[in-house]
Amino acid sequence: MVIPGVESDTTKLFRNGGSSSRINVSFIDKDGEKVDLQVSEGDNLLDIAQANDLEMEGACGGSCACSTCHVIVEDPDMFDKMEEPSDDENDMLDLAFGLTETSRLGCQVVMNKDLNGLVVRLPSMTRNLQASDFEQK
Ligand code: FES
């Protein structure tokens, strides 16, 4: 999907020193702005979002224990190409605000070549958990 008014300077590279084969992924943020990124196989959507200053909290640090990394996959066909969510992920997704048929937890989606061109939308709200909720008391 093309969002009008998106400038090419929103394209950023995500560099982690990994493999040279790049995979395209796009995020649509809460304001509807599309950010196009090139990432490496093995990167997960939480790490990618945080490395590019996108608004994804990831309160539990990617351990599948919150729903603050909720993303919505734009294309149902692409959603079908993804590995099935685990039972733990489904349990956490049940807690997510605005759950859709194509919702996933960003920390559990690991990029591979089959997902080239993936577009995910960041939901307008996530449950109000913070990293401090997961600190040892
Ligand atoms: S960061 Fe908590 S479930 Fe993904």
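Definitions and limits used
Residues numbered from 1 in each chain as written. Predicted model: local features only at pLDDT ≥ 70, side-chain atom pairs only at ≥ 80, totals over all residues. Helix = DSSP H or I, 4+ residues; strand = E, 2+ residues; numbered from the N terminus. Buried ≥ 20, exposed ≤ 12 C-beta atoms within 10 Å, placed from the backbone. Contact = placed C-beta atoms within 7 Å. pLDDT = per-residue confidence, 0-100. Core = buried A, V, L, I, M, F, W, Y, C linked by C-beta atoms within 7 Å. Pairing = 2+ DSSP bridges.

## Observations regarding the overall build of the chain
Okay, so step 1: Helix and strand content of the chain: three helices and six strands.
Okay, so step 2: Secondary structure elements of the chain, listed N to C terminal, follow the sequence β-β-β-α-β-α-α-β-β.
Okay, so step 3: Every one of the 137 residues in the chain was classed for burial, and the buried ones make up 29%.
Okay, so step 4: Looking at the chain alone, contacts between residues at least 24 apart form 70% of all its contacts between residues at least 6 apart.

## With respect to the confidence of the model for the chain
Okay, so step 1: Summary statistics for the chain give a mean pLDDT of 85 and a share of 77% for residues scoring 70 or more.
Okay, so step 2: Note on residues 1-19: pLDDT under 50 across the span, and 28 contacts to partners over four residues away in sequence or across chains.

## Quick notes on the nonpolar core
Generally speaking, nonpolar side chains in soluble globular proteins are found buried as a group.
Okay, so step 1: The biggest cluster of nonpolar side chains holds 27 residues, and the ones touching the most others in it are V25, L45 and A49.
Okay, so step 2: Elements supplying a minimum of two residues to this core: β2 (22-28), β3 (34-40), α1 (45-51), β4 (70-73) and β6 (118-121).

## Points about the environment of R121
Okay, so step 1: As for its position among the elements, R121 is in strand β6.
Okay, so step 2: Beyond its immediate sequence surroundings of up to four residues, R121 is in contact with I28, V71, I72 and E74.

## Here we look at the pairing of β4
Okay, so step 1: By the bridge criterion, three bridges tie β4 to strand β5 (residues 103-105) in an arrangement that is antiparallel. In the strand pairing of β5, V71 is matched with R104.
Okay, so step 2: Alignment of β4 against β6, held across two bridges, turns out to be antiparallel. Within the sheet, the bridge partner assigned to V73 lies in β6 and is V120.

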